[in-house]
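Each chain, letter by letter, is given below.
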Amino acid sequence: MKPLIFHNPNCGTSRNTLAIMKASGETPEVVEYLKNPPTRARLVELLAQMQISPRELLRSKEAVNDELGLDNPELSNDHIIDAMIAHPILINRPIVVTDKGATLCRPSERVFELLANPVSSFTKEDGEVIYHDKH
């Protein structure tokens, strides 16, 4: 399968993850999920692939999170998924899907585990050098 990244070009972590993928020889399909949000079924599928709950994927730093009261622990998974579908900015990013699985790549170096031939090191936008231990 062709690698896939749910990407927000305004996010440094997302930009670094995409750059790591490209530096590793991948040409991923890039889905700018704020312009082309996943369907509810696709989001549920991604959550299952990543083996995380909707709350773990929720980007709680966004103002709309507070406006909708999404920090309420009483809210159901369906309620949180519905909020993410209605407001895609609430979907944390970047999500990467490859033959090796699907992961929320925060921090961006989490993408290494999903790549066939990851680079041994990468310099992030902020100058931090990260290393991939291939052992």
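Report on the accompanying structure. Values in this document were obtained by computation on a predicted structure and should not be read as measured data. (Residues numbered from 1 in each chain as written. Predicted model: local features only at pLDDT ≥ 70, side-chain atom pairs only at ≥ 80, totals over all residues. Heavy atoms only, no water.)

Observations concerning the nonpolar core
Link 1 in the chain: Formed by 23 residues in total, the largest nonpolar core has its most connected members in Leu 57, Met 84 and Ile 95.
Link 2 in the chain: Contributions of two or more residues to this core are made by strand S1 (4-7), helix H2 (40-50), helix H5 (77-86), strand S3 (95-98) and strand S4 (101-104).
Link 3 in the chain: Other than its neighbours up to four places away in sequence, Met 84 contacts Leu 43, Pro 54, Leu 57, Leu 58, Leu 90 and Ile 91. (Core = buried A, V, L, I, M, F, W, Y, C linked by side-chain atoms within 4.5 Å. Buried < 20%, exposed > 50% of the residue type's maximum accessible area, 1.4 Å probe, protein only. Helix = DSSP H or I, 4+ residues; strand = E, 2+ residues; numbered from the N terminus. Contact = heavy atoms within 4.5 Å.)

Overview of the pattern of salt bridges
Link 1 in the chain: Tallied over the full model, the rule gives 8 salt bridges.
Link 2 in the chain: Salt-bridge contacts for Arg 42 lead to Glu 45; the nearest nitrogen and oxygen are separated by 2.8 Å. Taken together, the positions of Arg 42 and Glu 45, both in helix H2 and 3 residues apart, correspond to about one turn of that helix.
Link 3 in the chain: For Glu 45, a relative accessible area of 41% gives the class partly exposed. (Salt bridge = Lys/Arg side-chain N within 4 Å of Asp/Glu carboxyl O.)

Structural notes on the side chain of Thr 98
Link 1 in the chain: Mapped onto the elements of the fold, Thr 98 is located in strand S3.
Link 2 in the chain: Residue Thr 98 is classed as buried on the basis of its relative accessible area, which comes to 8%.
Link 3 in the chain: In this structure the side chain of Thr 98 is engaged in a polar contact, spanning 3.0 Å, whose partner is the backbone nitrogen of Lys 100.
Link 4 in the chain: Residues contacting Thr 98, with those up to four places away along its chain left out, are Met 1, Pro 3 and Leu 114. (Polar contact = N/O pair within 3.5 Å; in protein donor to acceptor, adjacent residues only side chain to side chain.)

Details of the pairing of strand S2 (residues 29-32)
Link 1 in the chain: When S1 meets S2, the two strands line up parallel, connected through 4 bridges. Counterpart to Phe 6 in the pairing with S2 is Val 31.
Link 2 in the chain: For the segment spanning S1, helix H1 (residues 12-23) and S2, crossover handedness is right-handed. (Pairing = 2+ DSSP bridges. Right-handed = clockwise from strand over helix to strand, strands pointing away.)

As for the environment of Asn 8
Link 1 in the chain: With respect to the secondary-structure elements, Asn 8 resides in the loop between S1 and H1.
Link 2 in the chain: Classification of Asn 8 as buried rests on a relative accessible area of 3%.
Link 3 in the chain: Here Asn 8 is in contact with Ser 14, Tyr 33, Leu 34, Ile 89 and Arg 93, once residues within four sequence places are set aside.
Link 4 in the chain: Among the polar contacts made by the side chain of Asn 8, one reaches the main-chain amide nitrogen of Asn 10 at a distance of 2.9 Å.

Some details on the packing of H2 against H5
Link 1 in the chain: H5 packs onto H2 with a crossing angle of 120 degrees between their chain directions and a minimal axis gap of 10 Å. Overall, the two elements H2 and H5 adopt an arrangement that is oblique. Where H2 crosses over H5, the handedness of that crossing is right-handed. Here Arg 40, Leu 43, Val 44 and Leu 47 of H2 lie close against H5, whose contacting residues are Asp 78, Ile 81, Asp 82, Met 84 and Ile 85.
Link 2 in the chain: Classifying every residue of the contact of H2 with H5 gives 6 nonpolar, no polar and 3 charged. (Axes fitted to C-alpha atoms, helices over the stretch in contact; angles between N-to-C directions. Parallel < 35°, antiparallel > 145°, perpendicular 65-115°, else oblique. Left-handed = near helix turned anticlockwise from the far one by under 90°. Nonpolar A, V, L, I, M, F, W, Y, C, P; charged D, E, K, R; others polar.)

So, to be careful, I would describe these as geometric facts and stop short of saying anything about function.
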